[in-house]
Amino acid sequence: MNKILRVTLAFLVVGLVVWGCAQESGPIKIGLMGPMTGPWASEGQEMKQVVDLLAEEVNAKGGVLGRKVQVVSEDDGGDPKTAALAAQKLVTQKVVAVIGTYGSSITEASQNIYNEAKIPQIANGSTAIRLTEKGLKYFFRTCPRDDEQAKVGAQYIQSMGYKKLAILHDNTTYAKGLADETKGLVEKAGVEIVFFDALTPGEKDYTAILTKMKAANPDAVFFTGYYPEGGLLLNQKKAMNWPVPFIGGDATNNPDLVKIAGAEAAEGFAFLSPPLPKDLPTPEAKAFLESFTKKYGKAPASIYSVLAGDGFRVLIAAAQASKSTETDKVGEYLHNQMKDFPGLTGKLSFNAKGDRVGEVYKVYKVNAQGEFILQP
Amino acid sequence: MEVFLQQLTNGLAVGSIYALIALGYTMVYGVLKLINFAHGDLFTIGSYLGLTLLTSLALTGRLGALAGILCLALMVMGLVALIGALLERTAYRPLRQSPRLSAVVSALGASIFLQNAVMLIYGARFQVYPHDILPKMPLDLFGLYIPLVKVLVLVAALVMMMALYLFIQKTKLGTAIRAAAIDQGAARLMGIDVDRVILIVFLIGPALGGVAGLMVGLLYGQINFTMGWVYGLKAFTAAILGGIGNIPGAMVGGILLGVIEALGAAYLSIAWKDAIAFCVLIGILIVRPTGLLGERVAEKV
């Protein structure tokens, strides 16, 4: 008995020592939470490609603070429940910070978990206004906010001279927020809202909704939901022979939209978005696009994956500048000291709420070949 | 009036797909008193197999659009029926004598297995049917725009449902299925091979579910590995609405559910569409607990 106890103790001590050493000299773990499966899988998989590539580059240059960087990715499935689980998993794996995710409702489900664990979270595709209005100390985002998006959307709607507008959202945090915000702005400008309702995401047949919208006779339709439904709407609108112009929010910005709708049905669709990877003007972006294309054989398709890359880069910069991976030092640096960091998507600084400062939404249009063309 | 008719046709097209899937639920329940939760995933498999066969064999190019689609549909039906029979053999038959709950758990497990299998084979991203297989021109009936594909789907679904109804009512095998549904023990005593009947049910149900998957692919173009869940749930609801275990009930229930959804969205609220449909379901079940066409069956002792 005594012998067994002693052997066990010895093992425990050795184990603890080994573990302790590993903690100090092992790699710095950075979490990546994204929709690797589910309806938004194309976003999540590309996020992983981008962050993996950047981590490789950092490690090739010797890592951070003398330690290698290891990316630990978890799948949130584009679903709030799965996201909460994924967040718990990353917290228990002792990551120093988390990048992600895509989709405001998904981010919202994980925000408090990270905040309570004092792990900084840098979201890449979550533009709902209220995410940064909660006073969470460790939440940041590299994407802009929906009040700005609504402003650009309302300007576009007015400039096109639309007098009667239909707004369709999908009841997610992001889509509902953008729809409400835009409604308030365009109504002030004298545009009549003839239709305002939500669809159920994940279905295939939206003809009932389109028929009802058509009866309201709008000059244009503003859809604030995501690309899988956006593609179906465009396709079914075309099949109904209804030529009304469609405008989308930045969640329709994914090449899968054209794949689902067909180029013919998607032609003329206008959407709001931060500039796409191919239109990024910075030298950092050009170099990044080149190495991404070299590694994966194609350029990144979505801006959100590049924004995830920016999340990774500011994090590394903050760790290097503050010479620490401690939450409070990194957070403090991101909030107050980082000024005009040369990001892939332009200059980056964060305000006290954790929102990105500056940066403007652009209007894009789909051409006859199904390509996204930046509108002047 | 025009909007009403347009919405009615929208609802009919959606409802006929619900009805086709609901038939699979109701047939299995009728004979085995088991809810086959994996049925929605057989539907998904149908749409994926349809896509693979369509793009790899290029049938529509060789045989022309209609004959190609018909040939494709038969192939999909055959393959999904095989998978259905295999499912019965591996997931349900070993549990035939166990408590009913074990079979339900097995069905749930099979559902998760099939869904993940599809994801691993085809990937998690959306797959898209080619956009140019069927002529896109809409029929213009008195100012109503109805895409030709929709009419074809509706007609095909109705023809298949009629054929199934006649098969069950008029043929010897159909009689055997009905007999096994009423009382398996007595059917066995009358010399009916009940295991064979169950196998046939697991060939027909999945075949119809699979062809519904193909129709969804052709109609909407976009398929993904989780879509079986939403359609499965709706079809299951439709089967209950019509009276589970009752074949005409599943057809009526499916089409009714589609129409209620479309009209609810049109005249009440789109966001409340599902709530409206389920309220109607609850209302009907309060008045008729066995569903619209279900018969009251004495509890077996």
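Nothing here was measured: the structure is a model prediction, and the numbers come from that model.

### Quick word on the overall build of chain A
Then comes step 1: From N to C terminus, chain A includes 13 helices and 14 strands.
Then comes step 2: Against the 2.2 N^0.38 benchmark of 21 Å for 376 residues, chain A shows a C-alpha radius of gyration of 23 Å, consistent with a compact globule.
Then comes step 3: Projected onto its principal axes, the C-alpha coordinates of chain A cover approximately 85 × 50 × 40 Å.
Then comes step 4: Sorting the 376 residues of chain A into buried and exposed places 53% on the buried side.
Then comes step 5: Here the contacts in chain A between residues at least 6 apart in sequence split such that 69% fall between residues at least 24 apart.

### Looking at the overall build of chain B
Then comes step 1: Looking only at helices and strands, chain B features 12 helices and four strands.
Then comes step 2: Over its C-alpha atoms chain B spans a radius of gyration of 19 Å, differing by no more than 12% from the 19 Å that the globule rule assigns to 301 residues.
Then comes step 3: Counting only C-alpha atoms, chain B reaches 55 × 45 × 35 Å along its principal axes.
Then comes step 4: Relative to its 301 residues, chain B shows a buried fraction of 51%.
Then comes step 5: Pairs at least 24 apart in sequence give 76% of the contacts found in chain B among residues at least 6 apart.

### Details of the environment of Val314 of chain A
Residue and element names in this part refer to chain A.
Then comes step 1: Structurally, Val314 is set in helix H12 (residues 303-322).
Then comes step 2: Along the backbone, Val314 and Leu348 are 34 residues apart, and their C-alpha atoms lie at a distance of 8.2 Å.
Then comes step 3: Excluding residues within four positions of it along the chain, Val314 makes contact with Ile122, Leu334, Met338, Phe341 and Leu348.

### Considering the sheet that holds strand E9 (residues 246-248) of chain A
Backbone-to-backbone hydrogen bonds join strands into a sheet, with any given pair of strands oriented parallel or antiparallel.
All names here are of chain A.
Then comes step 1: In spatial order, the strands read E7-E6-E8-E9-E10-E13-E14; together these seven strands make up an open sheet with mixed pairing. Of all the strands in the sheet, just strand E7 (192-198) and strand E14 (372-374) have a single pairing partner and so form its edges. Geometrically, the sheet is characterised by an average inter-axis angle of 25° between neighbouring strands, direction not taken into account.
Then comes step 2: Summarising the sheet, strand E10 (residues 270-273) and strand E13 (residues 362-366) pair through four bridges and their orientation is antiparallel. Bridge pairing in E13 links Phe271 to Tyr364.

### Some words on the packing of helix H4 (residues 65-92) of chain B against helix H5 (residues 100-122) of chain B
Residues and elements named next belong to chain B.
Then comes step 1: For the pair H4 and H5, interaxial distance at closest approach is 10 Å and the crossing angle is 130°. As the angle between them shows, H4 and H5 are arranged oblique. Here H4 runs over H5; the crossing is right-handed. Contact residues: Leu87, Ala91 and Tyr92 in H4; Ala103, Ser106, Ala107 and Ala110 in H5.
Then comes step 2: Residues of the contact of H4 with H5, tallied by class, amount to six nonpolar, one polar and no charged.

### Let's talk about the interface of chain B and chain A
Then comes step 1: Between chain B and chain A, the residue contacts involve 31 residues of the former and 32 residues of the latter.
Then comes step 2: The set of elements that each furnish at least two residues to the side of chain B that touches chain A consists of helix H1 (2-32), strand E3 (144-147), helix H9 (194-220), helix H11 (247-267) and helix H12 (273-287) of chain B.
Then comes step 3: By residue class, the composition of the side of chain B that touches chain A is 17 nonpolar, nine polar and five charged.

### As for the domain arrangement of chain A
Residue and element names in this part refer to chain A.
Then comes step 1: Split by domain assignment, chain A resolves into domain 1 (9-144 + 280-348) and domain 2 (147-273).
Then comes step 2: Distance between the C-alpha centres of domain 1 and domain 2: 31 Å.
Then comes step 3: Facing the 15 residues of domain 1 at the interface are 14 residues of domain 2.
Then comes step 4: When residues of the side of domain 1 that touches domain 2 are assigned to their parent elements, the largest contribution, three residues, is made by helix H4 (residues 104-116).

### What to know about unusual backbone geometry
The general pattern is negative phi for most residues beyond glycine and trans for most peptide bonds.
Residue and element names in this part refer to chain A.
Then comes step 1: Following Gly100, the chain continues to Thr101 via a peptide bond in cis, the omega torsion being 25°.
Then comes step 2: Mapped onto the elements of the fold, Thr101 is located in the loop between strand E3 (97-99) and H4.
Then comes step 3: For Lys118, which is not a glycine, the phi torsion comes out positive at approximately 55°.
Then comes step 4: By secondary structure assignment, the location of Lys118 is in the loop between H4 and strand E4 (121-123).
Then comes step 5: The phi dihedral of Asn217 falls on the positive side, at around 55°, and the residue is not glycine.
Then comes step 6: Turning to its location among the elements, Asn217 is positioned in the loop between helix H7 (207-215) and strand E8 (220-223).

### Re the nonpolar core
Then comes step 1: By size, the foremost hydrophobic cluster in this structure holds 204 residues, and its most contacted members are Ala19, Leu20, Ala22, Leu23, Val31, Val201 and Val211 of chain B.
Then comes step 2: Looking at which domains feed residues into this core, each of domain 1 (9-144 + 280-348) and domain 2 (147-273) of chain A gives three or more.
Then comes step 3: The residues contacting Leu20 of chain B, other than those within four sequence positions of it, are Ala157, Met160, Leu208, Val211 and Ala212 of chain B.

### A short note on the sheet that holds E4 of chain A
Residue and element names in this part refer to chain A.
Then comes step 1: Read across the open sheet, the five strands follow the order E2-E1-E3-E4-E5; overall the sheet is parallel. Across the chains shown, the open sheet's two edge strands, defined by having one partner strand only, are strand E2 (69-75) and strand E5 (139-141). Strand after strand, the sheet turns through a mean of 25° between neighbouring axes, direction not considered.

### Details of the environment of Leu63 of chain B
Then comes step 1: If you trace the backbone, Leu63 of chain B turns up in helix H3 (residues 59-63).
Then comes step 2: Excluding residues that lie within four positions of it along the chain, Leu63 of chain B makes contacts with Gly68 and Cys71 of chain B.

### A word on the pairing of E7 of chain A
All names here are of chain A.
Then comes step 1: As paired strands, strand E6 (residues 164-169) and E7 are joined by six bridges and run parallel to one another. Across the sheet, residue Lys164 finds its bridge partner in E7, namely Glu192.
Then comes step 2: A crossover links E6 with its parallel partner E7, the connecting element being helix H6 (residues 173-188), and its sense is right-handed.

### So, the packing of H1 of chain B against H9 of chain B
Residues and elements named next belong to chain B.
Then comes step 1: Close contact between H1 and H9 brings their axes to 8 Å; oriented N to C, the two are set at 165°. Relative to H9, the element H1 is oriented roughly antiparallel. Where H1 crosses over H9, the handedness of that crossing is left-handed. For the pair formed by H1 and H9, the contact residues are Ile17, Leu20, Ile21, Leu23, Gly24, Met27, Val28, Val31 and Leu32 on the first element and Val197, Ile198, Val201, Ile204, Gly205, Pro206, Leu208, Gly209, Val211, Ala212, Met215 and Val216 on the second.

### Thoughts on helix H7 (residues 172-182) of chain B
Residues and elements named next belong to chain B.
Then comes step 1: Among all positions of H7, only Ala176, Ile177, Ala180 and Ala181 are buried. Angularly, the buried residues of H7 cover 140° about the axis, an arc narrow enough to put them on a single face. Of the exposed residues in H7, those oriented more than 90 degrees away from the buried face are Lys172 and Ile182.
Then comes step 2: Where H7 is buried, its residues touch H1, helix H6 (148-170), helix H8 (184-189) and H9.

Definitions and limits used
- Residues numbered from 1 in each chain as written.
- Chains lettered and ligands numbered in written order.
- Predicted model: local features only at pLDDT ≥ 70, side-chain atom pairs only at ≥ 80, totals over all residues.
- Helix = DSSP H or I, 4+ residues; strand = E, 2+ residues; numbered from the N terminus.
- Rg over C-alpha atoms; globule rule 2.2 N^0.38 Å.
- Buried ≥ 20, exposed ≤ 12 C-beta atoms within 10 Å, placed from the backbone.
- Contact = placed C-beta atoms within 7 Å.
- Pairing = 2+ DSSP bridges.
- Axes fitted to C-alpha atoms, helices over the stretch in contact; angles between N-to-C directions.
- Parallel < 35°, antiparallel > 145°, perpendicular 65-115°, else oblique.
- Left-handed = near helix turned anticlockwise from the far one by under 90°.
- Nonpolar A, V, L, I, M, F, W, Y, C, P; charged D, E, K, R; others polar.
- Domains from an automatic or database assignment.
- Core = buried A, V, L, I, M, F, W, Y, C linked by C-beta atoms within 7 Å.
- Right-handed = clockwise from strand over helix to strand, strands pointing away.
- Arc of directions from axis to C-beta.

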